[in-house]
Amino acid sequence: MIEIRKGMPIVTFSLFKKAGGIAAAVASRKGGVSEAPFDSLNMSFSAGDDPAAVRENRRRFLTLLGADPAKAVSCHQVHGTDILEMGRDDAGRGALSAETAVPACDGLITREKGLPLTMNFADCTPLLFYDPEHRAAGIAHGGWRGTAGDIAGKTVRLMGEKYGTKPERLLAGIGPAIGKCCFEVGPDVIGAFRALFGEEEMAALAAEKEGGKYLFDLPGANRRLLLRAGLAAAHIEDAGLCTYCRDDLFFSYRKSGGKTGRHMAAVMLL
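Read on for a plain summary of the structure. Everything quoted here is computed from the prediction, not taken from an experiment. (Residues numbered from 1 in each chain as written. Predicted model: local features only at pLDDT ≥ 70, side-chain atom pairs only at ≥ 80, totals over all residues. Heavy atoms only, no water.)

Moving on, we get to the nonpolar core. Counting 38 residues, the largest nonpolar core has F129, F193, F197, F216 and L226 as its most contacted members. If you list the elements that add at least two residues to this core, you get β7 (125-131), β8 (136-142), α4 (151-163), β9 (171-174), α5 (187-194), α6 (199-205), β12 (214-216) and α7 (218-228). The dominant element in this core, judged by the number of residues it contributes, is α4, at six residues. Counting residues in hydrophobic clusters, the runner-up holds 29 residues, among them V11, V26, L128 and L241. (Core = buried A, V, L, I, M, F, W, Y, C linked by side-chain atoms within 4.5 Å. Buried < 20%, exposed > 50% of the residue type's maximum accessible area, 1.4 Å probe, protein only. Helix = DSSP H or I, 4+ residues; strand = E, 2+ residues; numbered from the N terminus.)

Another aspect to go through is the sheet that holds strand β6 (residues 117-121). Taken in spatial order, the five strands line up as β1-β2-β3-β14-β6 in an open sheet, and their pairing is antiparallel. The open sheet has two edge strands with one neighbour each: β1 (2-5) and β6. Mean inter-strand twist for the sheet, computed between neighbouring axes without regard to direction, equals 30°. Where strand β3 (residues 22-27) and strand β14 (residues 263-269) come together, five bridges link them in antiparallel fashion. When the bridges of β14 are listed, A25 appears paired with A266. (Pairing = 2+ DSSP bridges. Axes fitted to C-alpha atoms, helices over the stretch in contact; angles between N-to-C directions.)

In this section: the sheet that holds β12. Read from one edge of the open sheet, three strands run β10-β12-β11, paired in antiparallel fashion. On the outer flanks of this sheet lie β10 (184-185) and β11 (206-208), each paired with one strand and no other. α5 contacts β10, β11 and β12 of the sheet and is inclined by roughly 50° relative to β12. (Contact = heavy atoms within 4.5 Å.)

What follows is the structure, given as structure tokens:
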């Protein structure tokens, strides 16, 4: 759901709110200080924006969640499926500059209270996780490559290995992402997903267009992978917001032609 906090629109999840013990949200692109084409709440140090503006934007969003911006953990996202566990000693990695970020991974998990795990997005699917039973949280970057590599399922399984998380008790939020209405892909992408999904599933996820192109449901694919990993359908909440359609509210890499900012997803155990 879209919630306004101190004049800033953010996306929150009723499942997490009801469970309690976690702060989790996805920022919009509004309420920051960055100038065009990063206007205005750009969270990425790597997009070409003024680093001072990024630090201020992060401060504004993370303090809304009750988080200390200086303790935030960020990583260099590479469209892979590597997931790393973060602890107290990782606090602040990537918080104030790209140079200090966790290298080359697309998923973070933790049991450390007060440690904000963050990732940035501009069409890819934010995946947020919370295990209220074992007090653990996670976040993952579901681009098409990561989704085709089942980063959703891998995050669920790693939380099981590290923390004893039971999939049927795990809660997951799917943040704003480019929707099936707008995510046009070629045969290579469809081929990658055919290796993962059956014919019936692909019929629901993909729609063929002229010229060998397809429309593909990236958030829907991640939802199916979460269900396959053992999550209960009632424990998955999809924001249902297309970043391409709603580029007034979120950054869209495709809609902008590639020159744009990034919005942030964050989870933190309370």
